[in-house]
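# Per-entry structural report
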Amino acid sequence: MSTDRLVGVDQFVGFLKSHEKILFTTHMTPDGDGLGSELALMRHLRSTGKDVRILNCSGVPADLRFLTRTGEVTTFQKGKHEELIAEADAIVAFDLGGAGRLGRMEGPVRSSGAAKALLDHHIFDNDLFDLLYVDTHASSSAELTHRVLLALGARLTLDLAEPLYVGLVQDTGSFNYNSTSPLTHRLAAEYMEAGVNPYRIWKKLHCQKPFDRVRLMGLNISRIQLTHGAKIASLQVSLDFLKEHGGEVRDAFEVVNHFLSIRGVEIGCLALQIGSERTKFSLRSAGRHDVHAIAREYGGGGHRFAAGFTVDGRASSEVYEEVMERLGRLVAPDEDVEETQPTRS
Ligand SMILES: [Mn+2]
């Protein structure tokens with residue numbers, strides 16, 4: 001990451017204050033963290049009279065729609081919204097990861113003359129932004145957005161607390177991942193004091209699945225393979241298969257959470273074929289192996305123990321075998337390492 005553009009919260013707040021017409025965005029298929037951060041900060045800034053608007057490259061997923069109100073989120077349409085991007089004074093991306101995750105908006109954002117800032121907790125190489133408010137130790141973008149709101153002197157009302165709570169819950173795996181800290185619990189307590197009802201949120205996030213999606217989850221789980229001495233769990237699935245069973249891209253990614261629930265598994269690998277020569281990978285590590293390093297080699301990023309990347313222009317099965325081979329080397333028993341060491345003469 002280019003550290004010369006890294007800034008602290010005060011400079012990020014200065015950036016927000018010095019622009020009037022600001023466009024917020026987040027990564028494709030937004031999650032609760034990206035969307036929650038956008039919503040909380042937009043609601044506060046709008047209340048101070050700023051012209052802020054959210055324009056995302058893909059629509060709000062059904063399970064997060066309860067967070068949004070009419071007119072708050074616009075989904076980018078080619079030929080219709082380029083002007084919004086070109087006319088903004090400033091563009092702020094939340095929770096983005098790589099610029100490629102802007103999807104169809106990447107081109108228009110690149111060519112826009114707007115000042116560009118990023119608020120993020122992912123590790124990614126990023127040339128798109130003038131200013132990076134990035135803290136890879138933060139549990140979530142919501143946590144960083146909370147800091148920004150504090151620096152702006154915002155009062156934490158329910159309409160800010162609820163989206164932030166959803167971001168926090170999703171990115172800590174409901175306060176289970178190792179990103180969970182005393183701070184994340186303190187923030188959750190603050191959000192509850194502001195009126196957030198965890199039971200209501202849990203019902204909205206986890207108890208609204210169409211039957212097809214639950215069945216598809218079962219199909220996907222039943223196709224998980226264990227290899228490399230049962231240390232690697234992997235799933236190869238195609239978008240066609242998901243669609244055939246009433247699903248979409250995100251259904252495959254939900255399986256990723258199940259890899260590490262298997263005893264003895266150290267690494268999980270999802271390969272989702274989304275075109276004849278386009279494959280999306282999602283890697284998870286149980287904490288021993290740095291999978292981010294591998295994602296990075298393929299132009300992706302994320303976190304040490306949860307990372308992803310997309311490979312274009314190569315047959316899916318070929319890339320899958322190559323990636324599995326790389327992962328296999330990570331989990332190989334130490335004896336193999338010793339064998340490669342020089343022997344005493
Ligand atoms: Mn996040």
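The rules behind these values
Residues numbered from 1 in each chain as written. Predicted model: local features only at pLDDT ≥ 70, side-chain atom pairs only at ≥ 80, totals over all residues. Buried ≥ 20, exposed ≤ 12 C-beta atoms within 10 Å, placed from the backbone. Helix = DSSP H or I, 4+ residues; strand = E, 2+ residues; numbered from the N terminus. Pairing = 2+ DSSP bridges. Contact = placed C-beta atoms within 7 Å. Axes fitted to C-alpha atoms, helices over the stretch in contact; angles between N-to-C directions. Domains from an automatic or database assignment. Nonpolar A, V, L, I, M, F, W, Y, C, P; charged D, E, K, R; others polar. Parallel < 35°, antiparallel > 145°, perpendicular 65-115°, else oblique. Left-handed = near helix turned anticlockwise from the far one by under 90°. Core = buried A, V, L, I, M, F, W, Y, C linked by C-beta atoms within 7 Å.

Another aspect to go through is the pairing of strand 8 (residues 232-238). Look at any regular strand and the pattern is simple: side chains alternate between the two faces of the sheet. Most of strand 8 sits inside the fold, with five of its seven residues counted as buried. The pairing of strand 7 (residues 225-227) with strand 8 spans three bridges and is antiparallel. Within strand 8, the residue paired with T227 across the bridge is I232. If you look at the hairpin formed by strand 7 and strand 8, you'll find four residues sitting between the two strands, and H228 has a positive phi there, around 55 degrees. Of the strand pairs in this sheet, strand 8 and strand 9 (residues 267-275) are connected by seven bridges, and their pairing is parallel. By the bridge assignment for strand 9, L235 is matched with L270.

The next subject is the environment of H19. Residue position: H19 is located in the loop between helix 1 (9-17) and strand 1 (21-26). On the neighbour-count criterion, H19 (20 C-beta atoms within 10 Å) is buried. Each C-alpha atom, one on H19 and one on C57, is 22 Å from the other, the two residues being 38 residues apart in sequence. Apart from the residues within four sequence positions on either side, H19 is in contact with D89, A90 and A115.

As summarised here, the arrangement of the six strands in space is 3-2-1-4-5-6, forming an open sheet in which the pairing is parallel. Sheet topology places strand 3 (73-75) and strand 6 (131-134) at the edges, where each strand pairs with a single neighbour. Within the sheet, the average angular offset between the axes of one strand and its neighbour, ignoring direction, is 25 degrees. Across three bridges, strand 2 (residues 51-56) lies against strand 3 in parallel orientation. By the bridge assignment for strand 3, N56 is matched with T75.

Taken in spatial order, the six strands make up an open sheet running 7-8-9-10-12-11, and their pairing is mixed. One side of each edge strand has no neighbouring strand; the edge strands of this open sheet are strand 7 and strand 11 (301-303). Sheet twist, expressed as the mean angle between neighbouring strand axes with direction ignored, is 20 degrees. Where strand 10 (residues 278-285) and strand 12 (residues 306-312) come together, seven bridges link them in antiparallel fashion. Paired with K280 across the bridge in strand 12 is T310.

Before going further, it helps to examine the domain arrangement of the chain. Domain parsing of the chain yields domain 1 (3-154) and domain 2 (211-332). One C-alpha centre belongs to domain 1, the other to domain 2; they are set 28 Å apart. Within the side of domain 1 that touches domain 2, the residues separate by chemical class into three nonpolar, four polar and no charged.

What follows covers the packing of helix 1 against helix 5 (residues 141-151). Axes are the key here: two packed helices are described by the angle between their axes and the distance separating the axes. Close contact between helix 1 and helix 5 brings their axes to 10 Å; oriented N to C, the two are set at 70 degrees. When the interaxial angle is binned, helix 1 and helix 5 end up roughly perpendicular. The two elements helix 1 and helix 5 meet at a crossing, and its hand is right-handed. When helix 1 is examined against helix 5, the residues V9, D10, F12 and V13 are found in contact with a partner set consisting of R147, V148 and A151. Class assignment of the residues belonging to the contact of helix 1 with helix 5 gives a composition of five nonpolar, no polar and two charged.

Next up on the list: the nonpolar core. Grouped together as the largest cluster of nonpolar side chains are 54 residues, with contacts concentrated most on I22, F24, V92, L118, Y133, L164 and Y165. Top element by residues in this core is helix 6 (residues 158-171). It accounts for seven residues. Sequence-distant contacts of Y165, defined by excluding residues within four places in its chain, comprise A188, Y191, V196 and I201. L216, A252, V255 and F305 belong to the second-largest nonpolar core, a separate cluster that totals 29 residues.

What follows deals with the packing of helix 2 (residues 32-47) against helix 5. Interhelical geometry of helix 2 versus helix 5 gives an angle of 15 degrees and a closest axis separation of 8 Å. Between helix 2 and helix 5, the angle is such that the two are roughly parallel. Here helix 2 and helix 5 pass one another in a crossing that is right-handed. Between helix 2 and helix 5, the residues in contact are D33, G34, G36, S37, A40, L41 and H44 and S141, A142, T145, V148 and L149, respectively. Here the contact of helix 2 with helix 5 is composed, by residue class, of five nonpolar, six polar and one charged.

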